[in-house]
Amino acid sequence: MDGRPRSPAILSGSGRLKPRTPVCRVVSSLERYVSVPRRVIADLQGGGRGKALSAVAFGWFLSISTRMIYPALLPSIRSTYGLTLTTAGLLLTVLWVAYGVGQLPGGMLADWAGERTLLVASSLLAAAMLALVVLADSPPVLFAGTALFGLGTATYGVSRFTVLKDIYPDRLGTATGVTMAAGDVGNAVMPPAAGVLAGAIAWQYGFGVVIPLFVVAAGALWLTVPTDASETVPIREAFSVDDLAPLFRRPVVRHSMVLLMLWATVVQAFIGFYPTYLIDAKGFSSTTATVLFGFFFALGSLIKPVAGRAYDRVGVRYPLAVMMGITALTLAALPFATGLPSFVGLTVLASAILGYETVVISNLTDRLPDGSRGSKLGALRTVYIMVGAVSPVAFGAVADRGYFDEGFLGIAAVSAVVVAFALVYVDY
């Protein structure tokens, strides 16, 4: 269905074809998905594209990892402002709702003004709005600053995908995986670092150190992303939503949206409360919890390029089923686990969920038309991010009533639904 050729044999060391025995298939899979051939690396770097990819990846490193600082600092923020678990969940919901709301206008602006302009503007806006969060002296100001930061980073979410489609038309999955892996490197480093700063000085410093880095990212993007990376369209065409309804009637779009909405529900609840769960329910120190949280994302930096390569090779169905199957079993095991070694192992397995979006978004971006790709992808991202944004406040309300463990069992069940949906309805 995806048009990719499937070879019935593999090459031996001498270059001759060997039959695909079960053992050969396993070896072939390891060679094809775990390693990244030198020719692929050379292609990513060729023609000056490597600098642009690095700048886009660094901007995403900051954009996503700063949002992941929120869960790491949530216990400290709760203590400072006297927030309940429900209210803390609402803060995360506000962050993700604002991020979701900004996707559609961000995509439209990218189609009109160009991705480079939007990527630079997003980085500068994020720096300014994060300063408001740092200076917040009351819960209303904290919530307002969080919402504005979410809006400021929203434009980056769409433009990074569409600019990579234009820079890497034949390597989109791999380039997207590399970029998203950079985000996970940030997620591995920034939340634990913020946790250390919060313990040593104050939680505001965990956010404050990121502000100048956003300014550096804006400069790098301006200097490296080509101005002709994508075509722009007239403002009336860019801001038109007349052709969105036919888009949702396409089976591939409908199926992708179901997959993304279910995934967002699971991942936002898990990420939002995993450190708090480790501290409040399992008795770990804040340092141990944030290190495990960072370790979770460090593994994602390995998984996402592999997921991107898997999409480029075999499509959507089976990578999704494998990743969410592992996730479902892991989440179901969390309430019954005890001791640090158990949670290290479960954190490793839970990281499988981090490769999911790479596959689905790469497939969606591949299938959207040129010229209006930004606005269409922005509209789709608005829907699934906002649906998923409801899960943190709902999960927090469940935890507030003493059902923290049951909350994880619930999102494990949602993960199992994703596996069934992928196997039954996805045929590409």
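Rules used in this analysis
- Residues numbered from 1 in each chain as written.
- Predicted model: local features only at pLDDT ≥ 70, side-chain atom pairs only at ≥ 80, totals over all residues.
- Heavy atoms only, no water.
- 1 Å grid on protein atoms, 1.4 Å probe; cavity = no way out; pocket = protein on both sides within 12 Å on 5 of 7 lines; lining within 4 Å.
- Points joined across faces, edges and corners; volume = space filled by probe spheres on them.
- Helix = DSSP H or I, 4+ residues; strand = E, 2+ residues; numbered from the N terminus.
- Nonpolar A, V, L, I, M, F, W, Y, C, P; charged D, E, K, R; others polar.
- Domains from an automatic or database assignment.
- Phe/Tyr/Trp six-rings, centres within 6.5 Å; stacked < 30°, edge-to-face > 60°.
- Buried < 20%, exposed > 50% of the residue type's maximum accessible area, 1.4 Å probe, protein only.
- Lys NZ or Arg CZ within 6 Å of the ring centre and 35° of its normal.
- Axes fitted to C-alpha atoms, helices over the stretch in contact; angles between N-to-C directions.
- Parallel < 35°, antiparallel > 145°, perpendicular 65-115°, else oblique.
- Contact = heavy atoms within 4.5 Å.
- pLDDT = per-residue confidence, 0-100.
- Core = buried A, V, L, I, M, F, W, Y, C linked by side-chain atoms within 4.5 Å.
- Expected span 1.5 Å × (residues − 1).
- Bend = angle between axes of the 7 residues up to and from the residue.
- Salt bridge = Lys/Arg side-chain N within 4 Å of Asp/Glu carboxyl O.

Going by an unreviewed UniProt entry, the protein carries the name MFS transporter and comes from Halorubrum halodurans.

A.B. asks: Teacher, can you tell me more about empty space enclosed by the protein here?
C.D. replies: Unoccupied space between atoms shows up once a probe the size of one water molecule is rolled over them. In this structure the tally under the stated criterion is 3 cavities of 30 Å³ or more. Along its surface, the largest cavity is lined by 23 residues, and Ile64, Trp96, Trp263, Val267 and Glu357 are the ones closest to its centre. Of all the secondary-structure elements, those providing two or more residues to the lining of the largest cavity are helix H3 (49-81), helix H4 (85-101), helix H8 (172-200), helix H13 (251-280), helix H14 (286-314) and helix H18 (373-400). For the lining of the largest cavity, the element with the most residues is H13, which contributes 5 residues. Of the residues assigned to the lining of the largest cavity, the class counts are 15 nonpolar, 2 polar and 6 charged. Summarising the domain contributions, the lining of the largest cavity has at least three residues from each of domain 1 (47-226) and domain 2 (242-427).

A.B. asks: Please clarify how the packing of aromatic side chains should be interpreted in this entry.
C.D. replies: Two aromatic rings, taken as a pair, are described by how far apart their centres are and by the angle between their planes. This model, assessed by the stated rule, comprises 21 aromatic pairs. Ring centres 6.3 Å apart and planes at 75 degrees place the aromatic pair phenylalanine 149 and phenylalanine 214 in the edge-to-face group. Residue phenylalanine 149 is found in helix H7 (residues 139-167), and its partner phenylalanine 214 is found in helix H10 (residues 211-224); the two are separated by 65 residues along the sequence. Pair check on accessibility: phenylalanine 149 and phenylalanine 214 agree, each one buried. Residues tyrosine 277 and phenylalanine 404 carry aromatic rings whose centres are separated by 5.1 Å and whose planes lie at 70 degrees to one another, so their mutual orientation is edge-to-face. Of this pair, tyrosine 277 sits in helix H13 while phenylalanine 404 sits in helix H19 (residues 404-425), placing them 127 residues apart in sequence. Members of the aromatic cluster, joined through ring pairs, are Phe270, Phe273, Tyr274, Tyr277, Phe293, Phe296, Phe297, Phe395, Phe404 and Phe408. Across the ring face of tyrosine 99, the terminal group of arginine 67 is positioned such that the distance to the ring centre comes to 3.9 Å.

A.B. asks: Can you help me understand the packing of H13 against helix H16 (residues 340-350) in this one?
C.D. replies: Each pair of packed helices can be summarised by the angle the axes make with each other and by the distance between the axes. At a minimum axis distance of 14 Å, the contact between H13 and H16 shows a crossing angle of 175 degrees. Taken as axis vectors, H13 and H16 run roughly antiparallel relative to one another. Contact with H13, carried on its side by Phe270, Tyr274, Tyr277 and Leu278, involves Phe343, Thr347 and Ala350 of H16 and no other residues of that element. Each residue belonging to the contact of H13 with H16 can be placed in one class, and the counts come to 6 nonpolar, 1 polar and no charged.

A.B. asks: Even after reading the chapter, I still don't get the confidence of the model for the protein, so can you show me in this structure?
C.D. replies: Overall, the prediction assigns the protein a mean pLDDT of 78, with 78% of residues at 70 or greater. A low-confidence stretch, residues 1-36 (pLDDT under 50), is modelled with 43 contacts involving residues beyond four sequence positions or located in other chains.

A.B. asks: In this structure, what is going on with the side chain of threonine 290? I would like to understand it.
C.D. replies: In this structure, threonine 290 sits in helix H14. In this structure threonine 290 comes out as buried when scored by relative accessible area, which is 6%. Dropping the residues within four chain positions of it, threonine 290 is found in contact with Ala72, Pro191 and Pro192.

A.B. asks: Whenever I open this one, the nonpolar core confuses me. Can you help?
C.D. replies: Across soluble globular proteins, nonpolar side chains have a tendency to be buried as a group. Of all hydrophobic cores here, the largest spans 113 residues; its most connected members are Ile77, Phe207, Trp263, Phe270, Leu320, Phe343 and Phe408. Per element, the largest residue contribution to this core is 17 residues, and it comes from H13. A domain split of this core shows at least three residues from each of domain 1 (47-226) and domain 2 (242-427). Once residues within four sequence positions are removed from consideration, phenylalanine 408 is found in contact with Phe270, Tyr277, Leu331, Leu334, Pro335 and Phe395.

A.B. asks: Is there a simple way to think about H13 in this case?
C.D. replies: An α-helix turns once per 3.6 residues; consequently, residues spaced three or four apart project the same way. Between its terminal C-alpha atoms H13 stretches 43 Å, which fits the 44 Å expected from 30 residues at 1.5 Å a residue. The sharpest bend along H13 comes to roughly 45 degrees, located at phenylalanine 273, with the proline proline 275 sitting one to four residues further on. H13 sits mainly inside the fold: 23 of its 30 residues count as buried.

A.B. asks: I tried to follow H19 on my own but got confused; where do I start?
C.D. replies: The terminal C-alpha atoms of H19, which comprises 22 residues, lie 32 Å apart, in line with the 32 Å expected from a rise of 1.5 Å per residue. Three or more residues of H19 are buried, namely Phe404, Gly407, Phe408, Ile411, Ala412, Ser415, Val418, Val419, Phe421 and Ala422.

A.B. asks: Would you explain the environment of valine 390 in this entry?
C.D. replies: By the element assignment, valine 390 lies in helix H18. By relative accessible area, which is 48% here, valine 390 ends up partly exposed. For valine 390 and alanine 264, which are 126 residues apart along the polypeptide, the C-alpha to C-alpha distance reads 9.5 Å.

A.B. asks: So what exactly am I meant to see when it comes to the environment of serine 159 here?
C.D. replies: Residue position: serine 159 is located in helix H7. Taking relative accessible area as the criterion, serine 159 reaches 0% and is therefore assigned buried. As for serine 159 and leucine 109, which are separated by 50 residues in sequence, their C-alpha atoms are 9.4 Å apart.

A.B. asks: Would you mind showing me how to read the pattern of salt bridges here?
C.D. replies: Side-chain pairs of opposite charge can arise where the charged atoms are in close proximity. Applying the stated criterion to the full structure yields 1 salt bridge. Among the ionic pairs, arginine 78 bridges to aspartate 280, the shortest N-O distance being 3.3 Å. A residue pair is termed long-range when its members are at least 10 positions apart, and arginine 78 in helix H3 and aspartate 280 in helix H13 qualify at 202 residues. Residue aspartate 280 is classed as partly exposed on the basis of its relative accessible area of 44%.

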